[in-house]
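Report on the structure
Spelled out from the first residue to the last, the chains are:
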Amino acid sequence: MNSHHTLDGLVCGYASPIRKRKVIVIMQSTHAVFVDESGGQGARKILLLSACIQTYPVWSAFSDDWDKVLRESLAITAFHVREARGKIKEFAKWKEIDVDRKIIALTEVIVRHQPQIVTCWMSERDYAETVRANSPPDLHHAYFACFCAIVIKVAQYQAYLGITTPADFIFDKHGEIGDEALLWHFAMKESQPDEIRTIMGSSPVFRDDKEVLPLQAADLVAWHKRRRKEFPGLDAKATASMRIDEVPGVEVEITRKALESMAAKNALVPGVKESRNAPSIYKQLKKMIYHKEKEKHGGKS
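Attention in this report is confined to the structure presented alongside it. (Residues numbered from 1 in each chain as written. Predicted model: local features only at pLDDT ≥ 70, side-chain atom pairs only at ≥ 80, totals over all residues. Heavy atoms only, no water.)

What to know about the packing of helix α5 (residues 96-113) against helix α11 (residues 213-230)
At a minimum axis distance of 11 Å, the contact between α5 and α11 shows a crossing angle of 105 degrees. In terms of orientation, α5 lies roughly perpendicular with respect to α11. Seen from α5, the contacting residues are I103, L106, T107 and I110; seen from α11, they are A217, L220 and V221. Class assignment for the residues of the contact of α5 with α11 results in six nonpolar, one polar and no charged. (Axes fitted to C-alpha atoms, helices over the stretch in contact; angles between N-to-C directions. Helix = DSSP H or I, 4+ residues; strand = E, 2+ residues; numbered from the N terminus. Parallel < 35°, antiparallel > 145°, perpendicular 65-115°, else oblique. Contact = heavy atoms within 4.5 Å. Nonpolar A, V, L, I, M, F, W, Y, C, P; charged D, E, K, R; others polar.)

Here's what the structure looks like:
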């Protein structure tokens, strides 16, 4: 493997000034997958995750181009589509036309670098009525199902494209919900066929989207994809990002039928009813570690 490409892999999501400060170690993957989610507020309340897949050298060039657009007038330090459309924080007092221009310019960066996009989505209401009611606490949040689905679907899509090397997954930070989902990654990976498991890569990592610029692109992509499903006709707010629809990829809905099947399997797990309201495995481990550390330091927290 080209060593330049290998080293690019660790820092491709940062703009040049930050890339220069990063410590380099050796890795094997050739592709990075940046993932973010978007949740709706309407009656359907869609939860959607979008994964953007490209090679490390392309992500490096992308990150510099994205950073350049951020710094152009009107300049911002980071892009978050909800802040832009809500005209809050860095976008406070912006005119709508200026918001549209910034989104159009950032969308052009995405289109120019042509990541493959994999999107998984479902109704949070369907999840609450099916899986949540019949599952242990680790599975109470709909993010878990989308997290598992996106990792598996990306591997399946890679196999379809003929990409045989594992990809590295970088998710936007999601607090304890992301940590809980991560605990299940190994079991999920082991349940897949050999041809899929071998390209699923190592455990995903969570990074700050203020520094890792492709996560900001994934945020825009996920928001746009969700808006297109919630408002399938003419949507003035999604017009500026419309060219995202030109970028190649695949979309997968986690249907209510699939969720009902998942719920039925979960209900068969011994003791699931009794543990439904107990703390999650992550929270139990966190509490255990806390008490161990407290004992180590003579009872002081």
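Let's talk about the environment of A155
Along the chain, the position of A155 falls in helix α7 (residues 143-161). For A155, a relative accessible area of 0% translates into the label buried. For A155 and R197, which are 42 residues apart along the polypeptide, the C-alpha to C-alpha distance reads 7.9 Å. A155 has contacts with I196, I199 and M200, leaving out every residue within four places of it along the chain. (Buried < 20%, exposed > 50% of the residue type's maximum accessible area, 1.4 Å probe, protein only.)

Observations regarding empty space enclosed by the protein
Take a probe with the size of a water molecule and roll it over the atoms, and the empty space left behind shows itself. Within this structure, the stated rule accounts for one cavity of 30 Å³ or more. The space that makes up the largest cavity amounts to roughly 40 Å³. Lining of the largest cavity is provided by D138, H141, Y143, F144, I177 and E180. Within the residue set of the lining of the largest cavity, elements represented by two or more residues are α7 and α8 (175-183). In the lining of the largest cavity, the residues fall into three nonpolar, one polar and two charged. (1 Å grid on protein atoms, 1.4 Å probe; cavity = no way out; pocket = protein on both sides within 12 Å on 5 of 7 lines; lining within 4 Å. Points joined across faces, edges and corners; volume = space filled by probe spheres on them.)

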